[in-house]
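Geometric and topological summary
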Amino acid sequence: MAIIDDENNHLRANASPTTSATRFTIVDHNHPLYLQPTNTPGFVDGKYPKSKFKPELHDRWEKVNAVVLSWIMNVVRPGLLSSVVYASNAHKVWEDLKERFNKVNGSRVLYLHREIHTLIQGTMTVADYFSKLRDLWDEFDALMPCPGCPCPESKKYAAHSEYHKLL
């Protein structure tokens, strides 16, 4: 590695990083710009916009944003990549993807209802039949969850849903 010596403008080989002319703002592991895979949800959900940080941290924010964008781009299928490849903000990309895909798909709900109501044991074991039925109900519940409030109406709806599963 070669580093430029500021005083003489000469290249020095194998210089230690502590003698480098570049100064980095140090952030501890609890700082939102300390990059680790577990803290990206706060970054993509808009909790940490660039404007929230001091100007000396803007370069670090840009680096974290670029890494999070690369993570997103590496997991979307190639057909979607063209819509996010030129994006410059991970939060905007996340919101765009959320708008496209975080919707209840009515045709999928209809398909699940049909599969649940026409499922027969046939040659399956009881355990396989129950597992298949449970998987279908779990996916349905993920798409159409019961309200989670403690009000009496919510409890009635949950009881009705359980009775529906029994039938």
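Model, not experiment: these values are computed from the prediction. For every chain, the first residue of its written sequence is number 1, and the numbers climb from 1 along that sequence. For a predicted model such as this one, the threshold for reporting local features is a pLDDT of at least 70, and the threshold for listing and counting side-chain atom pairs is 80 or more; totals across whole chains, interfaces and linings nevertheless cover every residue. Excluded from the side-chain calculations are hydrogens and water; all other atoms, namely the structure's heavy atoms, are used.

A word on the overall build of the protein
Under the scheme used here, helices are H or I runs from DSSP no shorter than 4 residues and strands are E runs no shorter than 2 residues, and both carry numbers assigned from the N terminus. The number of helices and strands found in the protein is 7 helices and 2 strands. N-terminal to C-terminal, the α/β element order of the protein is β-β-α-α-α-α-α-α-α. Using the Shrake-Rupley algorithm and a 1.4 Å probe, accessible areas are obtained, with residue cover drawn only from the displayed protein chains. For the protein, the exposed surface amounts to about 12500 Å²; the carbon and sulfur share of it is 57%.

Details of the nonpolar core
Side-chain atoms within 4.5 Å are what join buried Ala, Val, Leu, Ile, Met, Phe, Trp, Tyr and Cys residues into a set we call a nonpolar core. Only protein chains enter the accessibility calculation, which uses a 1.4 Å probe; a residue is then buried when its area is under 20% of its type maximum, exposed when over 50%, and partly exposed in between. Ranked by size, the top nonpolar core spans 18 residues in total, and within it Leu 33, Phe 43, Val 68, Ile 72 and Ala 90 carry the most contacts. The set of elements that each furnish at least two residues to this core consists of helix H1 (40-44), helix H2 (58-75), helix H3 (78-84) and helix H4 (90-101). With 6 residues, H2 is the largest single contributor of residues to this core.

Quick look at the side chain of Asn 89
Assignment of secondary structure puts Asn 89 in the loop between H3 and H4. For Asn 89, the residues in contact, after removing those within four places along its chain, are Trp 61, Asn 65 and Leu 69. Whether two residues are in contact is decided by their heavy atoms: any pair within 4.5 Å suffices.

Side note on the packing of H2 against H4
Where helices are involved, their axes are fitted lines through C-alpha atoms of the stretch in contact, as for all axes, and angles between N-to-C directions lie from 0 to 180°. Look at H2 against H4: their axes get within 9 Å of each other, and the N-to-C directions meet at 30°. Judged by the angle between their axes, H2 and H4 are roughly parallel. On H4, the residues touching Asn 65, Val 68, Leu 69 and Ile 72 of H2 are Ala 90, Val 93, Trp 94 and Leu 97. Under the scheme applied here, ten amino acids are nonpolar (Ala, Val, Leu, Ile, Met, Phe, Trp, Tyr, Cys and Pro), four are charged (Asp, Glu, Lys and Arg), and all others, including Gly, are polar. Class assignment for the residues of the contact of H2 with H4 results in 7 nonpolar, 1 polar and no charged. Note on terminology: angles under 35 degrees are roughly parallel, angles over 145 are roughly antiparallel, angles of 65 to 115 are roughly perpendicular, and the others are oblique.

Quick word on the pattern of salt bridges
Any carboxyl oxygen of Asp or Glu that lies within 4 Å of a side-chain nitrogen of Lys or Arg is treated as forming a salt bridge with it. Counting across every chain of the model gives 7 salt bridges. We note a salt bridge from Glu 139 to Arg 108, for which the minimum N-O separation is 2.6 Å. Taken together, the positions of Glu 139 in helix H6 (residues 126-143) and Arg 108 in helix H5 (residues 106-118) put the pair 31 residues apart, joining distant regions of the chain. Exposure remark for Arg 108: the relative accessible area of 31% places this residue in the partly exposed category. Between Arg 134 and Asp 138 there is a salt bridge, and its shortest N-O distance comes to 3.6 Å. Residue Arg 134 and its partner Asp 138 are located together in helix H6, separated by 4 residues, close to a single helical turn. Given the relative accessible area of 46%, Arg 134 is considered partly exposed. Here the residues in one salt-bridge network are Asp 141, Glu 162 and Lys 165, joined through shared partners.

With respect to the packing of aromatic side chains
Put simply, two rings from Phe, Tyr or Trp (the six-membered ring, in Trp's case) pair if the centres are within 6.5 Å, and we call them stacked under 30 degrees between planes, edge-to-face over 60, tilted for the rest. What the rule picks out here adds up to 2 aromatic pairs. Geometrically, the ring pair formed by Trp 137 and Phe 140 is edge-to-face, given 5.6 Å between the ring centres and 90° between the ring planes. Taken together, the residues Trp 137 and Phe 140, both in helix H6 and 3 residues apart, mark about one turn of the helix.

Brief notes about the environment of Trp 61
Structurally, the position occupied by Trp 61 is in helix H2. Separated by 29 residues in the primary sequence, Trp 61 and Pro 32 have C-alpha atoms spaced 9.2 Å apart. Setting aside residues up to four positions removed in sequence, Trp 61 forms contacts with Leu 33, Phe 43, Tyr 48, Pro 49, Lys 50, Phe 53 and Asn 89. Definition of a polar contact: a pair of N or O atoms within 3.5 Å, with one able to donate and the other able to accept a hydrogen when the atoms are protein atoms, and with sequence-neighbouring residues admitted only if both atoms are side-chain atoms. Looking at Trp 61, its side chain comes within polar contact range of the main-chain oxygen of Tyr 48, at 2.9 Å.

As for H2
Taking 1.5 Å as the rise per residue, H2 with 18 residues should run 26 Å; its terminal C-alpha atoms sit 26 Å apart, in good agreement. Every buried residue of H2 is listed here: Trp 61, Val 64, Asn 65, Val 68, Leu 69, Ile 72 and Met 73. Here the expected length of a helix is defined as 1.5 Å per residue gap, with one fewer gap than residues.

Any functional reading would require information beyond the geometric quantities listed.
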